[in-house]
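# Tertiary structure, described
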Amino acid sequence: MSGLVLKLNPKERVLVNGAVIENGDRRSRLSILTPNANILRLRDAIRPDEVNTPVRRVCYIAQLVLSGDVPENDARHQIMRGIEQLSQALRDDDSRQHLNAATHAVEKNDFYRSLKSLRNLLPREARLLAAQQV
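Report on the accompanying structure. (Residues numbered from 1 in each chain as written. Predicted model: local features only at pLDDT ≥ 70, side-chain atom pairs only at ≥ 80, totals over all residues. Heavy atoms only, no water.)

## A word on the side chain of Thr103
Heads up, the condition is: Secondary structure follows DSSP: runs of H or I at least 4 residues long count as helices, runs of E at least 2 residues long count as strands, and numbering of each begins at the N terminus. Remark: exposure states derive from per-residue accessible area (1.4 Å probe, protein chains only) relative to the maximum for the residue type, with buried under 20%, exposed over 50%, and partly exposed in between. Here a residue-residue contact requires only that any non-hydrogen atoms of the pair lie within 4.5 Å.
Tracing the backbone through its elements, the reader meets Thr103 in helix H3 (residues 93-107). By relative accessible area, Thr103 is classed as buried at 17%. In this view, Thr103 contacts Met80 and Ile83; residues no more than four positions away in its chain are not counted.

Encoded structure:
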């Protein structure tokens, strides 16, 4: 994870290599210089009880790697299998771009960028699931 810049709001929390860091009273920027650092914004974290859709399930697995709860090798296969399953359902060009970006990120052990790409699919998934409810 080199070259990542985090812009934090006041009192925002972020998990860096397993340590929770809370920002002060002002907005700030952190430059992450260490390659392959595991970073997770806690405001973006998916809670276990929120893992109720296919995209959220794959995001959650990537998140577990970033939080240090699951080793990369254990999660890699599950994430790749989840991406493959998502690609069967999400066939539009935009979704394919996000899925391809997530795949390439996992191949490079960049689980932060993989999670970031997968999170872009959450609104689309929500719309599709809402349309099925009607």
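## Side note on the nonpolar core
Heads up, the condition is: Nonpolar cores were defined as sets of buried Ala, Val, Leu, Ile, Met, Phe, Trp, Tyr and Cys residues, with membership established by side-chain atoms within 4.5 Å.
Judged by nonpolar contacts, the single largest core of 35 residues is most densely connected at Leu6, Ile39, Val55, Ile79, Ile83, Leu99 and Leu118. When residues of this core are assigned to their parent elements, the largest contribution, nine residues, is made by helix H1 (residues 54-67). The residues touching Val55, leaving out its near neighbours within four places in the chain, are Leu86, Leu90, Leu118, Leu121, Leu122 and Glu125.

## Notes on the sheet that holds strand E5 (residues 39-41)
Let me state the cut-off plainly: Two strands form a pair only when DSSP identifies at least two bridges running between them. Under this scheme, a helix contributes an axis fitted over its contacting stretch, all axes are lines through C-alpha atoms, and angles between N-to-C directions fall in the 0 to 180 degree range.
The three strands lie next to each other as E3-E2-E5, forming an open sheet whose pairing is antiparallel. The open sheet terminates on both sides in strands that have one partner only, identified here as strand E3 (19-22) and E5. For this sheet, the mean angle separating the axes of adjacent strands, direction not counted, is 25°.

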